[in-house]
Amino acid sequence: MTETDKSSIRVSKAYFRLLVAILILIEILDAYTTGLPGIIPSNIIAEFLNDYKTNTAQAIFALGSGIAMIGMYFVIVSQYFADRFGRKIMLVFTCLGMGFASLMIALSTSFIMYVIFLFLLYMFFSSDIWMIYINEECPSEKRVVWANIIVAGGVFGLLLATILRGIFITGQPGEIGWRGLALFAAVLGFGLGILSIFAVKETSIFIENKEKKGEDLKPGFKENVVDIFKSSSRTQMLVLLLITFIGGLSFLFQAMAMAYLADQGGLSEPQLNLVLIFTFFMILGGYTFSALTGDKIGRKFLIYFWSIAMPIFVITTVVLVSMGLAASIITWIFAGLGVSAIWGSLGAVRIISVEIVPTEKRGTSAGLRSLLTATGTTVGLLLSSIVILFFGLGIAFIVFTLPLLINIPLTYKYIQETKGTDLTAVES
(Lines give C-alpha, C1' and ligand atoms only; values in the text may rest on other atoms or scores of the structure.)
Protein backbone atom coordinates (compact mmCIF):
# COMPACT_ATOMS: atom_id res chain seq x y z
CA MET A 1 0.00 0.00 0.00
CA THR A 2 1.42 3.38 -0.96
CA GLU A 3 1.80 6.34 1.38
CA THR A 4 -0.92 8.11 -0.59
CA ASP A 5 -3.33 5.21 -0.05
CA LYS A 6 -2.61 5.09 3.67
CA SER A 7 -3.09 8.82 4.00
CA SER A 8 -6.52 8.61 2.40
CA ILE A 9 -7.51 5.94 4.92
CA ARG A 10 -6.28 7.97 7.88
CA VAL A 11 -8.30 11.11 7.19
CA SER A 12 -11.23 11.93 4.94
CA LYS A 13 -10.82 14.39 2.08
CA ALA A 14 -13.41 16.70 3.66
CA TYR A 15 -11.57 16.82 6.99
CA PHE A 16 -8.19 17.22 5.27
CA ARG A 17 -9.51 20.27 3.38
CA LEU A 18 -10.89 21.71 6.63
CA LEU A 19 -7.60 21.02 8.39
CA VAL A 20 -5.60 22.74 5.65
CA ALA A 21 -7.90 25.78 5.82
CA ILE A 22 -7.51 26.04 9.60
CA LEU A 23 -3.75 25.52 9.43
CA ILE A 24 -3.52 28.29 6.83
CA LEU A 25 -5.41 30.60 9.18
CA ILE A 26 -3.08 29.63 12.03
CA GLU A 27 -0.07 30.23 9.78
CA ILE A 28 -1.54 33.63 8.90
CA LEU A 29 -1.54 34.38 12.63
CA ASP A 30 1.97 32.94 12.93
CA ALA A 31 3.28 34.97 9.99
CA TYR A 32 1.50 38.09 11.21
CA THR A 33 2.99 37.87 14.71
CA THR A 34 6.39 36.78 13.37
CA GLY A 35 6.46 39.79 11.07
CA LEU A 36 5.02 42.24 13.60
CA PRO A 37 8.30 43.06 15.40
CA GLY A 38 9.96 43.61 12.02
CA ILE A 39 7.44 46.16 10.69
CA ILE A 40 7.26 48.46 13.72
CA PRO A 41 10.90 48.90 14.87
CA SER A 42 11.02 52.54 13.74
CA ASN A 43 7.77 53.19 15.65
CA ILE A 44 9.00 51.45 18.81
CA ILE A 45 12.30 53.34 18.62
CA ALA A 46 10.46 56.64 18.08
CA GLU A 47 8.14 56.07 21.06
CA PHE A 48 10.38 54.43 23.63
CA LEU A 49 13.98 55.30 22.58
CA ASN A 50 13.62 58.77 21.11
CA ASP A 51 16.03 60.31 23.64
CA TYR A 52 19.01 58.46 22.10
CA LYS A 53 21.05 59.09 18.96
CA THR A 54 20.19 56.95 15.91
CA ASN A 55 23.00 54.36 16.19
CA THR A 56 22.58 54.10 19.97
CA ALA A 57 18.80 53.67 19.70
CA GLN A 58 19.23 50.99 17.02
CA ALA A 59 21.82 49.20 19.15
CA ILE A 60 19.51 49.24 22.20
CA PHE A 61 16.64 47.98 20.05
CA ALA A 62 18.79 45.13 18.69
CA LEU A 63 19.87 44.27 22.26
CA GLY A 64 16.27 44.25 23.49
CA SER A 65 15.17 42.14 20.52
CA GLY A 66 17.95 39.66 21.25
CA ILE A 67 16.84 39.36 24.86
CA ALA A 68 13.20 38.89 23.76
CA MET A 69 14.19 36.10 21.40
CA ILE A 70 15.41 34.05 24.35
CA GLY A 71 11.70 33.20 24.54
CA MET A 72 12.27 30.96 21.53
CA TYR A 73 14.45 28.75 23.75
CA PHE A 74 11.33 27.52 25.52
CA VAL A 75 9.84 26.25 22.24
CA ILE A 76 11.64 22.94 22.77
CA VAL A 77 9.49 22.38 25.87
CA SER A 78 6.19 22.97 24.05
CA GLN A 79 7.24 20.74 21.16
CA TYR A 80 8.30 17.99 23.54
CA PHE A 81 4.83 18.28 25.09
CA ALA A 82 3.44 17.73 21.57
CA ASP A 83 5.21 14.35 21.63
CA ARG A 84 4.06 13.52 25.14
CA PHE A 85 0.48 14.84 25.27
CA GLY A 86 -0.46 15.25 21.62
CA ARG A 87 -0.35 17.74 18.76
CA LYS A 88 -3.82 19.21 19.26
CA ILE A 89 -3.45 20.48 22.81
CA MET A 90 -0.26 22.32 21.90
CA LEU A 91 -1.80 23.76 18.72
CA VAL A 92 -4.60 25.27 20.82
CA PHE A 93 -2.18 26.43 23.53
CA THR A 94 0.09 28.26 21.07
CA CYS A 95 -2.84 30.06 19.40
CA LEU A 96 -4.15 31.29 22.74
CA GLY A 97 -0.60 32.18 23.79
CA MET A 98 -0.02 34.32 20.71
CA GLY A 99 -3.30 36.09 21.43
CA PHE A 100 -2.37 36.82 25.04
CA ALA A 101 1.19 38.00 24.27
CA SER A 102 -0.08 40.29 21.48
CA LEU A 103 -2.66 41.82 23.83
CA MET A 104 0.00 42.60 26.41
CA ILE A 105 2.33 44.09 23.78
CA ALA A 106 -0.50 46.42 22.78
CA LEU A 107 -0.78 47.51 26.41
CA SER A 108 2.98 48.15 26.81
CA THR A 109 3.97 51.53 28.25
CA SER A 110 7.78 51.18 28.15
CA PHE A 111 10.50 49.50 26.10
CA ILE A 112 11.19 47.05 28.94
CA MET A 113 7.52 46.03 29.07
CA TYR A 114 7.50 45.65 25.29
CA VAL A 115 10.56 43.36 25.44
CA ILE A 116 9.03 41.21 28.21
CA PHE A 117 5.86 40.44 26.24
CA LEU A 118 7.75 40.15 22.96
CA PHE A 119 9.65 37.39 24.81
CA LEU A 120 6.33 35.58 25.33
CA LEU A 121 5.27 36.14 21.73
CA TYR A 122 8.49 34.57 20.43
CA MET A 123 7.93 31.59 22.73
CA PHE A 124 4.50 30.90 21.22
CA PHE A 125 4.80 31.71 17.51
CA SER A 126 8.00 29.67 17.13
CA SER A 127 6.29 26.40 18.04
CA ASP A 128 5.38 25.49 14.44
CA ILE A 129 2.99 22.72 15.54
CA TRP A 130 1.21 23.23 12.22
CA MET A 131 4.31 21.83 10.46
CA ILE A 132 4.02 18.56 12.38
CA TYR A 133 0.29 18.44 11.59
CA ILE A 134 0.61 18.77 7.83
CA ASN A 135 3.63 16.44 7.66
CA GLU A 136 1.73 13.71 9.49
CA GLU A 137 -1.53 14.04 7.52
CA CYS A 138 -0.42 14.41 3.89
CA PRO A 139 1.17 12.00 1.36
CA SER A 140 4.97 11.86 1.46
CA GLU A 141 5.33 12.70 -2.24
CA LYS A 142 3.50 16.00 -1.69
CA ARG A 143 4.88 16.95 1.72
CA VAL A 144 6.86 20.00 0.57
CA VAL A 145 3.98 21.10 -1.66
CA TRP A 146 1.42 21.04 1.16
CA ALA A 147 3.83 22.57 3.68
CA ASN A 148 4.56 25.44 1.30
CA ILE A 149 0.87 25.86 0.40
CA ILE A 150 0.18 26.48 4.08
CA VAL A 151 3.20 28.74 4.47
CA ALA A 152 2.36 30.62 1.26
CA GLY A 153 -1.19 31.05 2.47
CA GLY A 154 0.18 32.25 5.77
CA VAL A 155 2.28 34.86 3.99
CA PHE A 156 -0.99 36.72 3.52
CA GLY A 157 -0.54 37.47 7.21
CA LEU A 158 2.31 39.73 6.17
CA LEU A 159 0.11 41.38 3.54
CA LEU A 160 -2.59 41.82 6.17
CA ALA A 161 -0.03 43.39 8.50
CA THR A 162 1.01 45.74 5.71
CA ILE A 163 -2.57 46.79 5.00
CA LEU A 164 -3.34 47.32 8.67
CA ARG A 165 -0.08 49.21 9.14
CA GLY A 166 -1.21 51.65 6.48
CA ILE A 167 -4.52 52.05 8.31
CA PHE A 168 -3.24 52.25 11.89
CA ILE A 169 0.05 54.11 11.26
CA THR A 170 -0.58 57.20 9.17
CA GLY A 171 1.76 59.72 10.71
CA GLN A 172 -1.24 61.84 11.62
CA PRO A 173 -2.25 63.00 15.15
CA GLY A 174 -4.79 60.79 16.91
CA GLU A 175 -3.93 57.61 14.98
CA ILE A 176 -4.32 54.18 16.60
CA GLY A 177 -0.65 53.50 15.89
CA TRP A 178 1.35 50.29 16.19
CA ARG A 179 -0.79 49.10 19.12
CA GLY A 180 -3.68 48.50 16.72
CA LEU A 181 -1.55 45.92 14.90
CA ALA A 182 -0.95 44.02 18.14
CA LEU A 183 -4.62 44.19 19.15
CA PHE A 184 -5.65 42.60 15.86
CA ALA A 185 -3.26 39.69 16.53
CA ALA A 186 -4.80 39.26 19.98
CA VAL A 187 -8.32 38.93 18.56
CA LEU A 188 -7.15 36.51 15.84
CA GLY A 189 -5.17 34.37 18.30
CA PHE A 190 -8.02 33.94 20.76
CA GLY A 191 -10.47 33.21 17.93
CA LEU A 192 -8.31 30.53 16.29
CA GLY A 193 -7.56 28.92 19.63
CA ILE A 194 -11.28 28.45 20.27
CA LEU A 195 -11.87 27.25 16.69
CA SER A 196 -9.11 24.63 17.00
CA ILE A 197 -10.66 23.22 20.17
CA PHE A 198 -13.83 22.26 18.32
CA ALA A 199 -12.72 21.70 14.71
CA VAL A 200 -9.25 20.08 14.78
CA LYS A 201 -8.57 16.42 15.60
CA GLU A 202 -5.42 14.80 16.89
CA THR A 203 -3.18 13.69 13.98
CA SER A 204 -3.87 10.16 12.73
CA ILE A 205 -0.19 9.15 12.80
CA PHE A 206 0.11 10.21 16.45
CA ILE A 207 -3.02 8.20 17.33
CA GLU A 208 -1.79 5.15 15.40
CA ASN A 209 1.59 5.35 17.07
CA LYS A 210 0.00 5.76 20.50
CA GLU A 211 -2.18 2.69 19.98
CA LYS A 212 0.81 0.72 18.74
CA LYS A 213 3.30 1.68 21.46
CA GLY A 214 1.03 2.63 24.35
CA GLU A 215 2.94 4.07 27.32
CA ASP A 216 6.20 3.70 25.40
CA LEU A 217 5.02 6.75 23.44
CA LYS A 218 5.62 8.90 26.53
CA PRO A 219 9.34 8.86 27.24
CA GLY A 220 10.92 11.62 29.30
CA PHE A 221 12.32 14.71 27.64
CA LYS A 222 15.91 13.74 28.40
CA GLU A 223 15.31 10.24 27.01
CA ASN A 224 13.91 11.66 23.78
CA VAL A 225 16.90 13.95 23.26
CA VAL A 226 19.41 11.23 24.10
CA ASP A 227 17.71 8.79 21.72
CA ILE A 228 17.85 11.32 18.87
CA PHE A 229 21.60 11.75 19.33
CA LYS A 230 22.17 8.01 19.64
CA SER A 231 20.23 7.24 16.46
CA SER A 232 21.62 6.58 13.01
CA SER A 233 20.59 10.12 12.02
CA ARG A 234 22.58 11.85 14.79
CA THR A 235 25.22 13.28 12.43
CA GLN A 236 22.56 14.76 10.17
CA MET A 237 20.74 16.21 13.16
CA LEU A 238 23.89 17.84 14.51
CA VAL A 239 24.65 19.40 11.14
CA LEU A 240 21.04 20.55 10.72
CA LEU A 241 21.26 22.24 14.12
CA LEU A 242 24.45 24.01 13.06
CA ILE A 243 22.81 25.12 9.80
CA THR A 244 19.76 26.44 11.64
CA PHE A 245 22.03 28.28 14.11
CA ILE A 246 23.74 29.99 11.18
CA GLY A 247 20.32 30.81 9.73
CA GLY A 248 19.37 32.40 13.04
CA LEU A 249 22.35 34.76 12.81
CA SER A 250 20.91 36.23 9.60
CA PHE A 251 17.56 37.01 11.27
CA LEU A 252 18.95 40.47 12.05
CA PHE A 253 18.04 41.49 8.50
CA GLN A 254 14.36 40.73 8.95
CA ALA A 255 14.30 42.27 12.42
CA MET A 256 15.77 45.61 11.36
CA ALA A 257 15.52 46.02 7.59
CA MET A 258 12.57 48.41 8.00
CA ALA A 259 14.45 50.50 10.57
CA TYR A 260 17.44 50.58 8.19
CA LEU A 261 15.37 51.88 5.29
CA ALA A 262 13.58 54.38 7.55
CA ASP A 263 16.70 55.76 9.28
CA GLN A 264 19.46 55.41 6.68
CA GLY A 265 17.17 55.72 3.67
CA GLY A 266 14.80 58.33 5.05
CA LEU A 267 11.65 56.53 3.82
CA SER A 268 8.27 57.85 4.91
CA GLU A 269 5.54 55.70 6.47
CA PRO A 270 3.66 55.31 3.14
CA GLN A 271 6.92 54.26 1.47
CA LEU A 272 7.62 51.73 4.22
CA ASN A 273 4.17 50.26 3.64
CA LEU A 274 5.04 49.87 -0.05
CA VAL A 275 8.27 48.11 0.93
CA LEU A 276 6.20 45.64 2.95
CA ILE A 277 3.96 44.99 -0.06
CA PHE A 278 7.02 44.21 -2.19
CA THR A 279 8.34 42.00 0.62
CA PHE A 280 5.04 40.12 0.67
CA PHE A 281 5.25 39.29 -3.04
CA MET A 282 8.92 38.31 -2.76
CA ILE A 283 8.19 35.95 0.14
CA LEU A 284 5.19 34.49 -1.69
CA GLY A 285 7.39 33.95 -4.75
CA GLY A 286 10.04 32.32 -2.56
CA TYR A 287 7.60 29.85 -1.06
CA THR A 288 6.19 29.07 -4.50
CA PHE A 289 9.71 28.38 -5.73
CA SER A 290 10.36 26.06 -2.77
CA ALA A 291 7.04 24.25 -3.32
CA LEU A 292 7.81 23.63 -6.99
CA THR A 293 11.38 22.43 -6.46
CA GLY A 294 11.51 20.86 -2.99
CA ASP A 295 9.65 17.65 -3.85
CA LYS A 296 10.99 17.34 -7.39
CA ILE A 297 14.64 18.36 -7.07
CA GLY A 298 15.04 17.82 -3.34
CA ARG A 299 15.44 19.40 0.08
CA LYS A 300 19.23 19.75 -0.25
CA PHE A 301 18.81 21.89 -3.34
CA LEU A 302 16.74 24.36 -1.33
CA ILE A 303 19.46 24.76 1.28
CA TYR A 304 22.07 25.29 -1.45
CA PHE A 305 19.96 27.85 -3.30
CA TRP A 306 18.82 30.00 -0.38
CA SER A 307 22.22 29.93 1.35
CA ILE A 308 23.83 31.40 -1.76
CA ALA A 309 20.98 33.76 -2.58
CA MET A 310 20.59 35.55 0.75
CA PRO A 311 24.11 37.06 0.99
CA ILE A 312 23.69 38.31 -2.59
CA PHE A 313 20.30 39.91 -1.83
CA VAL A 314 21.44 41.50 1.45
CA ILE A 315 24.72 42.89 0.13
CA THR A 316 22.92 44.32 -2.91
CA THR A 317 20.36 46.00 -0.64
CA VAL A 318 23.08 47.59 1.50
CA VAL A 319 25.00 48.81 -1.56
CA LEU A 320 21.86 50.34 -3.11
CA VAL A 321 20.96 52.15 0.13
CA SER A 322 24.54 53.45 0.47
CA MET A 323 24.21 54.83 -3.08
CA GLY A 324 21.17 56.83 -2.01
CA LEU A 325 18.68 54.53 -3.74
CA ALA A 326 16.64 53.50 -0.69
CA ALA A 327 13.48 54.88 -2.33
CA SER A 328 14.08 52.83 -5.50
CA ILE A 329 11.78 49.92 -6.34
CA ILE A 330 14.80 47.74 -7.14
CA THR A 331 16.06 48.25 -3.57
CA TRP A 332 12.68 47.24 -2.17
CA ILE A 333 12.69 44.08 -4.32
CA PHE A 334 16.12 43.01 -3.09
CA ALA A 335 15.18 43.77 0.53
CA GLY A 336 12.09 41.58 0.12
CA LEU A 337 14.14 38.83 -1.48
CA GLY A 338 16.54 38.96 1.47
CA VAL A 339 13.70 38.36 3.92
CA SER A 340 12.31 35.63 1.66
CA ALA A 341 15.65 33.82 1.65
CA ILE A 342 15.70 33.63 5.46
CA TRP A 343 12.48 31.64 5.52
CA GLY A 344 13.39 29.61 2.43
CA SER A 345 16.54 28.16 4.01
CA LEU A 346 14.98 27.60 7.44
CA GLY A 347 11.92 26.01 5.77
CA ALA A 348 14.06 23.34 4.12
CA VAL A 349 15.71 22.52 7.44
CA ARG A 350 12.28 22.35 9.11
CA ILE A 351 11.12 19.63 6.74
CA ILE A 352 14.31 17.55 6.89
CA SER A 353 14.35 17.67 10.69
CA VAL A 354 10.92 15.99 10.91
CA GLU A 355 11.70 13.45 8.18
CA ILE A 356 14.69 11.82 9.89
CA VAL A 357 13.14 10.99 13.29
CA PRO A 358 10.26 8.69 14.35
CA THR A 359 6.80 9.98 15.27
CA GLU A 360 7.25 9.92 19.06
CA LYS A 361 10.35 12.13 18.79
CA ARG A 362 9.25 14.41 15.94
CA GLY A 363 8.13 17.27 18.17
CA THR A 364 11.33 17.09 20.20
CA SER A 365 13.35 17.20 16.99
CA ALA A 366 11.47 20.27 15.81
CA GLY A 367 12.02 21.79 19.25
CA LEU A 368 15.78 21.28 19.04
CA ARG A 369 15.77 22.98 15.64
CA SER A 370 13.78 25.91 17.01
CA LEU A 371 16.13 26.13 19.98
CA LEU A 372 19.18 26.45 17.74
CA THR A 373 17.37 28.98 15.54
CA ALA A 374 16.67 30.98 18.69
CA THR A 375 20.26 30.64 19.87
CA GLY A 376 21.61 31.85 16.54
CA THR A 377 19.12 34.69 16.43
CA THR A 378 19.91 35.81 19.98
CA VAL A 379 23.67 35.61 19.45
CA GLY A 380 23.32 37.51 16.17
CA LEU A 381 21.22 40.30 17.67
CA LEU A 382 23.32 40.66 20.83
CA LEU A 383 26.61 40.75 18.94
CA SER A 384 25.14 42.94 16.22
CA SER A 385 24.35 45.64 18.78
CA ILE A 386 28.13 46.12 19.15
CA VAL A 387 28.76 46.06 15.39
CA ILE A 388 25.91 48.53 14.79
CA LEU A 389 27.24 50.90 17.45
CA PHE A 390 30.69 51.12 15.85
CA PHE A 391 30.17 50.33 12.16
CA GLY A 392 26.48 50.87 11.39
CA LEU A 393 23.52 48.64 10.59
CA GLY A 394 24.42 47.97 6.96
CA ILE A 395 27.79 46.42 7.84
CA ALA A 396 26.10 44.35 10.55
CA PHE A 397 23.67 42.92 7.96
CA ILE A 398 26.58 41.73 5.82
CA VAL A 399 28.66 40.35 8.73
CA PHE A 400 25.82 38.17 10.02
CA THR A 401 24.63 36.99 6.59
CA LEU A 402 27.87 35.77 5.03
CA PRO A 403 28.13 32.70 7.37
CA LEU A 404 25.22 31.18 5.40
CA LEU A 405 27.76 30.17 2.74
CA ILE A 406 29.13 27.58 5.20
CA ASN A 407 25.85 25.67 4.74
CA ILE A 408 26.85 24.58 1.25
CA PRO A 409 29.79 22.27 2.11
CA LEU A 410 28.03 21.11 5.30
CA THR A 411 24.93 20.05 3.34
CA TYR A 412 26.92 18.43 0.55
CA LYS A 413 28.98 16.27 2.92
CA TYR A 414 26.60 15.39 5.76
CA ILE A 415 22.93 15.77 4.75
CA GLN A 416 21.13 12.93 2.96
CA GLU A 417 18.21 13.66 0.64
CA THR A 418 14.88 12.91 2.38
CA LYS A 419 12.28 13.57 -0.32
CA GLY A 420 9.65 10.82 -0.51
CA THR A 421 10.20 9.63 3.07
CA ASP A 422 7.34 7.63 4.58
CA LEU A 423 7.04 9.08 8.10
CA THR A 424 5.39 5.92 9.47
CA ALA A 425 8.45 3.88 8.46
CA VAL A 426 11.05 6.10 10.13
CA GLU A 427 12.77 4.35 13.03
CA SER A 428 15.49 5.42 15.45
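Computed from a prediction, not measured in an experiment: that's the story for all the values here.

Cut-offs used in this document
Residues numbered from 1 in each chain as written. Predicted model: local features only at pLDDT ≥ 70, side-chain atom pairs only at ≥ 80, totals over all residues. Heavy atoms only, no water. Helix = DSSP H or I, 4+ residues; strand = E, 2+ residues; numbered from the N terminus. Buried < 20%, exposed > 50% of the residue type's maximum accessible area, 1.4 Å probe, protein only. Contact = heavy atoms within 4.5 Å. 1 Å grid on protein atoms, 1.4 Å probe; cavity = no way out; pocket = protein on both sides within 12 Å on 5 of 7 lines; lining within 4 Å. Points joined across faces, edges and corners; volume = space filled by probe spheres on them. Nonpolar A, V, L, I, M, F, W, Y, C, P; charged D, E, K, R; others polar. Patch = residues over 30% accessible without salt bridge, like charges linked within 9 Å, V, L, I, M, F, W, Y side chains within 5 Å. Areas by Shrake-Rupley, 256 points an atom, 1.4 Å probe, with all protein chains shown as cover. Salt bridge = Lys/Arg side-chain N within 4 Å of Asp/Glu carboxyl O. Axes fitted to C-alpha atoms, helices over the stretch in contact; angles between N-to-C directions. Left-handed = near helix turned anticlockwise from the far one by under 90°. Core = buried A, V, L, I, M, F, W, Y, C linked by side-chain atoms within 4.5 Å. Polar contact = N/O pair within 3.5 Å; in protein donor to acceptor, adjacent residues only side chain to side chain. Arc of directions from axis to C-beta.

Asks: Would you mind showing me how to read the side chain of Gln254 here?
Replies: The residue Gln254 is located in helix H15 (residues 252-263) in this model. For Gln254, a relative accessible area of 9% puts it in the buried group. In this structure Gln254 touches Thr34, Gly38, Val339, Ile342 and Trp343, once residues within four positions along its chain are discounted.

Asks: Help me understand the layout of surface pockets, please; the structure alone is not making it clear to me.
Replies: Empty pockets left among the atoms are what a rolling probe the size of a water molecule brings to light. Within this model, the second largest pocket holds a volume of roughly 170 Å³. Forming the boundary of the second largest pocket are Ser232, Ser233, Thr235, Gln236, Glu355, Ile356, Gln416, Glu417, Thr418 and Thr421.

Asks: I tried to follow empty space enclosed by the protein on my own but got confused; where do I start?
Replies: Using the criterion set out here, one finds five cavities of 30 Å³ or more in the structure. Of the pockets and cavities examined, the largest cavity occupies roughly 350 Å³. Lining the largest cavity are 26 residues, with Leu158, Gln254, Ile283, Val339 and Trp343 positioned closest to its centre. Elements with a contribution of two residues or more to the lining of the largest cavity: helix H2 (13-39), helix H9 (143-154), H15, helix H16 (269-294) and helix H18 (329-355). Across the lining of the largest cavity, the residue classes break down as 16 nonpolar, seven polar and three charged.

Asks: Please clarify how a nonpolar patch on the surface should be interpreted in this entry.
Replies: A surface patch of nonpolar side chains, amounting to about 740 Å² of accessible area, comprises Leu63, Ile67, Ile70, Phe74, Val77, Phe81, Phe85, Ile89 and Leu382. At the level of secondary structure, the elements contributing two or more residues to the nonpolar patch comprise helix H4 (54-68) and helix H5 (75-84). Note that Ile89 resides in helix H6 (residues 87-106).

Asks: Looking at this model, I keep getting lost on the packing of H2 against H6. Mind explaining?
Replies: One way to put it is that H2 packs onto H6 with a least axis distance of 11 Å and a crossing angle of 35 degrees. Seen along the crossing, H2 lies across H6 with a hand that is left-handed. Judged by residue contacts, Leu23, Ile26, Leu29, Asp30 and Thr33 of H2 engage Leu91, Cys95, Met98 and Ser102 from H6. Its residues placed into classes, the contact of H2 with H6 shows six nonpolar, two polar and one charged.

Asks: I tried to follow the nonpolar core on my own but got confused; where do I start?
Replies: For soluble globular proteins, nonpolar side chains are generally found buried alongside one another. Counting 129 residues, the largest nonpolar core has Ile40, Tyr114, Ile134, Leu181, Phe253, Met256 and Phe397 as the members making the most contacts within it. Excluding residues that lie within four positions of it along the chain, Phe397 makes contacts with Leu252, Phe253, Met256, Ala257, Tyr260, Val314 and Val318.

Asks: Quick question: what am I supposed to make of the side chain of Arg165 here?
Replies: Structurally, the position occupied by Arg165 is in helix H10 (residues 156-168). We classify Arg165 as buried; its relative accessible area is 0%. One polar contact links the side chain of Arg165 to the main-chain carbonyl oxygen of Ile39, over a distance of 2.7 Å.

Asks: It is not clear to me how the pattern of salt bridges should be interpreted in this structure. Could you clarify?
Replies: Pairs can form between side chains of opposite charge once their charged atoms are near each other. Across all of its chains, the model carries two salt bridges by this definition. A salt bridge links Arg179 to Glu47; the shortest N-O distance between them is 3.0 Å. A residue pair is termed long-range when its members are at least 10 positions apart, and Arg179 in helix H11 (residues 178-199) and Glu47 in helix H3 (residues 41-48) qualify at 132 residues. The exposure class of Arg179 is partly exposed, given its relative accessible area of 24%. Glu355 is the salt-bridge partner of Arg299, the closest N and O atoms lying 2.5 Å from each other. On the criterion of sequence distance, the pair formed by Arg299 in helix H17 (residues 299-322) and Glu355 in helix H18 is long-range, its members being 56 residues apart. Exposure remark for Arg299: the relative accessible area of 1% places this residue in the buried category.

Asks: Which parts of the structure should I look at to understand helix H21 (residues 407-414)?
Replies: Every α-helix carries 3.6 residues per turn, so stepping three or four residues along brings you back to the same face. Of the positions making up H21, those classed as buried are Asn407, Leu410 and Thr411. For H21, the arc enclosing every buried residue in end-on projection is 95 degrees, short of the 170-degree limit, so these residues lie on one face. What points out from H21, more than 90 degrees from its buried face, is the exposed set Tyr412 and Lys413. In the core, the buried residues of H21 are packed alongside helix H14 (234-249) and H17.

Read these as spatial facts, not as claims about activity.
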